Amino acid sequence: MPTYQWRKSTYSPNSSNCVNVATRDGVVLLRESDDPDVVLTVRPPALSAFIRAVRAGEFDRTLNE
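Treat the numbers as computed from the prediction; the structure is a model and nothing was measured. (Residues numbered from 1 in each chain as written. Predicted model: local features only at pLDDT ≥ 70, side-chain atom pairs only at ≥ 80, totals over all residues. Heavy atoms only, no water.)

Enquirer: Give a description of the environment of Ala53 that names residues and reports values.
Expert: Looking at the element boundaries, Ala53 is found in helix 1 (residues 44-55). Residue class for Ala53 comes out buried when judged on its relative accessible area of 9%. When sequence neighbours within four positions are dropped, the list of residues in contact with Ala53 reads Glu58 and Phe59. (Helix = DSSP H or I, 4+ residues; strand = E, 2+ residues; numbered from the N terminus. Buried < 20%, exposed > 50% of the residue type's maximum accessible area, 1.4 Å probe, protein only. Contact = heavy atoms within 4.5 Å.)

Right under this line is the structure:
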């Protein structure tokens with residue numbers, strides 16, 4: 001298994017359940033520190049679009065359904 005330079009998100013609290021981020025060959029890797037073997041791989045434009053949608057509240061109504 002390759003070794004990556006994982007960084008903790010600045011938005012994660014100082015506990016064990018943090019979001020970790022790494023990059024490889026132009027791809028963003030995301031994982032949760034509680035389950036580090038599960039890694040989400042996404043291209044930067046797709047991640048940016050997702051973050052913009054979250055900030056715009058596009059997923060807020062899913063919490064009320």
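Right, picking up where we left off after that structure.
Enquirer: Can you tell me about the nonpolar core, naming the residues and giving the values?
Expert: Ranked by size, the top nonpolar core spans five residues in total: Val21, Val28, Leu30, Val42 and Leu47. Once residues lying within four places of it in the same chain are set aside, the contact partners of Val21 are Gln5, Trp6, Arg7, Val28, Leu29 and Leu30. (Core = buried A, V, L, I, M, F, W, Y, C linked by side-chain atoms within 4.5 Å.)

Enquirer: Describe a nonpolar patch on the surface, listing the residues and the values that go with them.
Expert: A cluster of nonpolar side chains, contributed by Phe50, Ile51, Val54 and Phe59, occupies part of the molecular surface with about 350 Å² of accessible area. Among the structural elements, Val54 can be located in helix 1. Accessibility expressed as a relative area gives 41% for Val54, which makes it partly exposed. (Patch = residues over 30% accessible without salt bridge, like charges linked within 9 Å, V, L, I, M, F, W, Y side chains within 5 Å. Areas by Shrake-Rupley, 256 points an atom, 1.4 Å probe, with all protein chains shown as cover. Salt bridge = Lys/Arg side-chain N within 4 Å of Asp/Glu carboxyl O.)

Enquirer: Give me the lowdown on the packing of aromatic side chains, citing residues and values where you can.
Expert: As enumerated under the stated definition, the model contains two aromatic pairs in all. Residues Tyr4 and Trp6 carry aromatic rings whose centres are separated by 5.9 Å and whose planes lie at 85° to one another, so their mutual orientation is edge-to-face. Tyr4 gets classed as partly exposed once you look at its relative accessible area, which sits at 22%. Classification of Trp6 as partly exposed rests on a relative accessible area of 22%. Between Phe50 and Phe59, the ring centres sit 5.6 Å apart and the planes meet at 40°, which makes this aromatic pair tilted. A cation over an aromatic ring shows up here: Arg31 above the ring of Trp6, its NZ or CZ 4.1 Å from the ring centre. (Phe/Tyr/Trp six-rings, centres within 6.5 Å; stacked < 30°, edge-to-face > 60°. Lys NZ or Arg CZ within 6 Å of the ring centre and 35° of its normal.)

Enquirer: Could you give me a rundown of the environment of Glu32, with the residues and numbers involved?
Expert: Here Glu32 is to be found in strand 3 (residues 27-32). Here Glu32 falls in the partly exposed class, since its relative accessible area comes to 42%. Sequence-wise, Glu32 and Val19 are 13 residues apart; in three dimensions their C-alpha atoms are separated by 4.7 Å. Residues contacting Glu32, with those up to four places away along its chain left out, are Asn17, Cys18 and Asn20.

Enquirer: Pulling in residues and values, what's your account of the pairing of strand 3?
Expert: Here strand 2 (residues 19-24) runs beside strand 3; their pairing, made up of six bridges, is antiparallel. The residue bridging Ala22 from the neighbouring strand is Leu29, located in strand 3. Hairpin connection of strand 2 to strand 3: two residues between the antiparallel strands, including Asp25 at a positive phi of 50°. For strand 3 and strand 4 (residues 40-42), the ladder comprises three bridges, and the chain directions are antiparallel. Its bridge partner being in strand 4, Leu30 is matched across the sheet by Leu40. (Pairing = 2+ DSSP bridges.)

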